[in-house]
Amino acid sequence: MLTEAAAEMSEAAADSVSDIEAIDAALTAALREAPGRPARLMEAMRYAVLGPGKRLRPRLVLMATRACGGDPADAINCACAVEMIHAYSLVHDDLPAMDDDDLRRGRPTVHRQFDEMTAILAGDALLALAFETLIWPPTPVQAAAPACRELAHAAGPGMLVGGQVDDLAGVLAAPEGREATLQRLETIHRRKTGAMIVVSLRLGALCAGAKPPQLTALSEYGDAIGLLFQVTDDLLDAAGDATAVGKRVGKDQDAGKLTYPGLLGVKESRTYAAELAKRATAALKPLGPAAEPLHALTRQILERDR
Ligand code: GRG
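Residues numbered from 1 in each chain as written. Predicted model: local features only at pLDDT ≥ 70, side-chain atom pairs only at ≥ 80, totals over all residues.

Brief notes about the site of the ligand
We count it as follows: In this text, near has one meaning. A residue is near a molecule or strand if its C-beta atom, placed using the backbone, is within 6 Å of it. Helix and strand definitions here come from DSSP, where helices need a minimum of 4 consecutive H or I residues and strands a minimum of 2 consecutive E residues; each element is numbered from the N-terminal end.
Contacts to the ligand come from 16 residues, most closely from Gly53, Lys54, Ser89, His92 and Gln164. Within the residue set of the shell around the ligand, elements represented by two or more residues are helix H4 (76-93), helix H8 (160-169), helix H9 (178-207) and helix H10 (212-243). Broken down by element, the shell around the ligand gets its largest block of residues, 5 residues, from H4.

Regarding the confidence of the model for the protein
To be explicit about the condition: Scored from 0 to 100, pLDDT reflects the predictor's confidence in each residue. C-beta atoms are placed from the backbone for every residue, and two residues are taken to be in contact when these atoms lie within 7 Å.
Mean pLDDT over the protein: 91, with 89% of residues reaching 70 or higher. Ignoring residues within four places in sequence, the model shows residues 244-250, a span with pLDDT below 50, making 13 contacts including any to other chains. Under the prediction, the complex receives an ipTM of 0.94, its pTM being 0.91.

Some remarks on unusual backbone geometry
Geometrically, the link from proline 137 to proline 138 is a cis peptide bond, its omega value of 10° lying close to zero. You can see proline 138 is positioned in the loop between helix H6 (116-135) and helix H7 (141-155). A positive phi angle, close to 55°, is found at arginine 55, a residue other than glycine.

Right under this line is the structure:
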């Protein structure tokens, strides 16, 4: 017989599979051909969004809705919106003017598969389509305006784009002490990676009509897993470098960019990851047992291999 905890875990795993199916079906519908939509542009958008990614952010939206007692079906358009913005940011990040990457999710990047102009415009169109998608039902009417405002802020100049600008500008290059460098590094990651994770959770909560303490708990959880996600991302890159046959190549470290293992060493980065996971667990306390799938996700991020 399954213990209660094991039963909750297998329920969470089943939810995760059906959530990914629901998310991909809704994204496919939102990215359909329609009058005025050029076929090649739509093909590039679908290629960018529906590739083999983890769908972390849209899953967070649906998990947060559930954790706040809502119906995840109400949050599906918010889930699509955050994944569209995530996909746009990856397409633009890969462009020659930024990271100049040839591969993403194990396949040619959008500008390699199509061309640079199409990649730029596909990213632009995804950003706009995200907001158009978000405001339509089933997003609850009372959630639409705050969700729009929060998502625009998270994707805007003070967060996603601002973090990207500072990262590319190499503000980390100035020599300074370890603590100050760590703080600068986290200021970038909180904006570039963390803000979209936090807002995903908050959008899900808004769709459930969550109260301020629930929103605060999810924001603190999001902040911790956002950093945890980045630390484990850097550790995976470092492992890829160390083995040379690893699943990926640590391009950031190759490019001399500052990373957690680069700053703290691998062992201390692992200790820090465990500390962030504890921080995430503590943040969820106000949500009680309804937060079990989010606890499971923390463990998955801590142990992830891609
Ligand atoms: C172009 C405005 C603009 C921003 C780009 C997201 C981003 C900012 C850059 C990506 C660079 C990067 C590799 C960051 C590390 C963390 C991260 C966001 C990884 C990619 O997210 P995953 O692992 O991707 O969730 P999948 O493919 O699973 O969706």
